[in-house]
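Architecture and fold: a report
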Amino acid sequence: MKIAIGADHAGFDYKEKLVPFLTSQGFEVEDFGTFSTASVDYPDFAHPTAQAVEDGKADFGILICGSAQGVTMTANKHQGIRAALCWMTDIAKLARQHNNANVLTLPARFIAYEYAEEIVNTFLATEFEGGRHQGRVDKIACSYNG
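Position numbers for residues count from 1 along each chain, tracking the sequence in the order it is written. pLDDT decides what is reported in this predicted model: residues at 70 or higher carry local features, side-chain atom pairs at 80 or more are listed and counted, and totals for whole chains, interfaces and linings draw on all residues regardless. The basis for every side-chain value is the complete set of heavy atoms in the structure, and neither hydrogens nor water enter the calculation.

This paragraph deals with unusual backbone geometry. The omega torsion of the bond from Gly33 to Thr34 falls at 0°, within 30 degrees of zero and hence cis. Positionally, Thr34 belongs in the loop between strand S2 (28–31) and helix H2 (43–54). At Ala68, a residue that is not glycine, the phi angle is positive and equals roughly 75°. Strands here are runs of E lasting at least two residues and helices are runs of H or I lasting at least four, both read from the DSSP assignment and numbered beginning at the N terminus. Checked against the element boundaries, Ala68 lands in the loop between strand S3 (60–65) and helix H3 (69–75). Backbone geometry places Asn100, a non-glycine residue, at a positive phi of 50°.

Right, here's the structure in full:
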């Protein structure tokens, strides 16, 4: 399974730890940056990460910034993306089960790194339930004509 990952300066340290964590578990990871703690603009990393997922070049994406609000908003501009801001494992689980989220966003300033690993594990291990949830997910796209 391939994971696209990106972060701004506030998420850089977590990203740098998550990349080897993911590869040690057998995931292939494509890192879209940033590559330092120098101040950057989060859309510059959220867009290519989301695009990789939308284009099918990655199975899932992970984006990290201070609050995760900016990267979530940016990623969700992509029609094929369902980015979920998760600060608890239960939210990550439900985002996958009920919403078929394909991009996990993490608020580095509000969760401990060790808990971020747990959230990532939960997100990646949880399957979409489909069924009654599929119809709801189908209505998310802007092209929906209910």
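Within this scheme, the nonpolar core is defined by two criteria: the residues are buried Ala, Val, Leu, Ile, Met, Phe, Trp, Tyr or Cys, and they are joined through side-chain atoms within 4.5 Å. Burial status follows relative accessibility: with a 1.4 Å probe on protein chains alone, a residue under 20% of its type maximum counts as buried, one over 50% as exposed, and anything between as partly exposed. Ranked by size, the top nonpolar core spans 27 residues in total, and within it Leu18, Ile62, Ile64 and Leu106 carry the most contacts. If you list the elements that add at least two residues to this core, you get strand S1 (2–7), helix H1 (12–24), S3, helix H4 (89–99), strand S5 (103–107) and helix H5 (113–125). Broken down by element, the residue count for this core peaks at six residues, all from H5. Only heavy atoms enter the contact rule, under which two residues are in contact if any of them lie within 4.5 Å. Contacts of Leu106, omitting those with residues within four sequence positions, involve Leu18, Ile62, Leu63, Ile64, Cys65, Ala68, Cys86, Ile111, Ala116, Ile119 and Val120. In terms of nonpolar packing, the next biggest core, distinct from the first, is built from 16 residues, Phe32, Val53, Ile81 and Val103 among them.

Our next topic: the side chain of His133. Structurally, the position occupied by His133 is in helix H6 (residues 132–138). Exposure remark for His133: the relative accessible area of 3% places this residue in the buried category. With residues up to four places along the chain from it excluded, the contact list for His133 reads Gln97, His98 and Phe128.

Attention now moves to the UniProt feature "active site" (unreviewed entry) in the protein. Under the local residue numbering, the UniProt record ascribes the feature "active site" (unreviewed entry) to Cys65 and His98. Spatial dispersion of the annotated residues is evident: they stretch over 34 residues in sequence, and the largest pairwise C-alpha distance comes to 24.2 Å. For Cys65, the location among the structural elements is in strand S3. Classification of Cys65 as buried rests on a relative accessible area of 3%. Setting aside anything within four residues of it in sequence, one finds Cys65 in contact with Asp8, Ala10, Gly11, Gly70, Val71, Leu106, Pro107, Ala108 and Arg109. Along the polypeptide, His98 turns up in helix H4. UniProt positions are given in the numbering used here, feature names are shortened, and annotations may be inferred rather than shown by experiment.

A fitted line through C-alpha atoms represents every axis, and for helices the fit uses only the stretch in contact; the resulting angles, taken between N-to-C directions, go from 0 to 180 degrees. Two numbers describe how H1 lies on H5: the axes approach to 11 Å, and their chain directions differ by 50°. On the basis of the axis angle, H1 is oblique to H5. The way H1 lies across H5 gives a crossing that is right-handed. Contacts between H1 and H5 involve Tyr14, Lys17, Leu18, Phe21 and Leu22 from the first element and Tyr113, Ala116, Glu117, Val120, Asn121 and Leu124 from the second. Its residues assigned to classes, the contact of H1 with H5 comprises eight nonpolar, one polar and two charged. Small angles under 35 degrees read as roughly parallel and large ones over 145 as roughly antiparallel, with 65 to 115 read as roughly perpendicular and the rest as oblique. By convention the crossing between two helices is left-handed if the near helix lies anticlockwise of the far one by an angle smaller than a right angle, and right-handed if it lies clockwise. Each residue gets one of three labels, nonpolar for Ala, Val, Leu, Ile, Met, Phe, Trp, Tyr, Cys and Pro, charged for Asp, Glu, Lys and Arg, and polar for the others, Gly among them.

When DSSP finds two or more bridges between two strands, those strands count as paired. Sheet analysis places S1 next to S2, joined by four bridges and oriented parallel. Within the sheet, the bridge partner assigned to Ala4 lies in S2 and is Glu30. By convention, orient the strands away from the viewer: a clockwise path from the first strand over the helix to the second makes the crossover right-handed. A crossover links S1 with its parallel partner S2, the connecting element being H1, and its sense is right-handed.

This paragraph deals with H5. Given a rise of 1.5 Å per residue, 13 residues ought to cover 18 Å, and the 18 Å separating the end C-alpha atoms of H5 matches this to within 8%. Among the residues of H5, those classed as buried are Tyr113, Ala116, Ile119, Val120, Phe123 and Leu124. One face of H5 carries all of its buried residues, which in axial projection span an arc of 125°. Those residues of H5 that are exposed and aimed more than 90 degrees away from the buried face are Glu114 and Ala125. To estimate the expected span of a helix, subtract one from its residue number and multiply by 1.5 Å. Here, the arc refers to the directions that run from the helix axis to the C-beta atoms.

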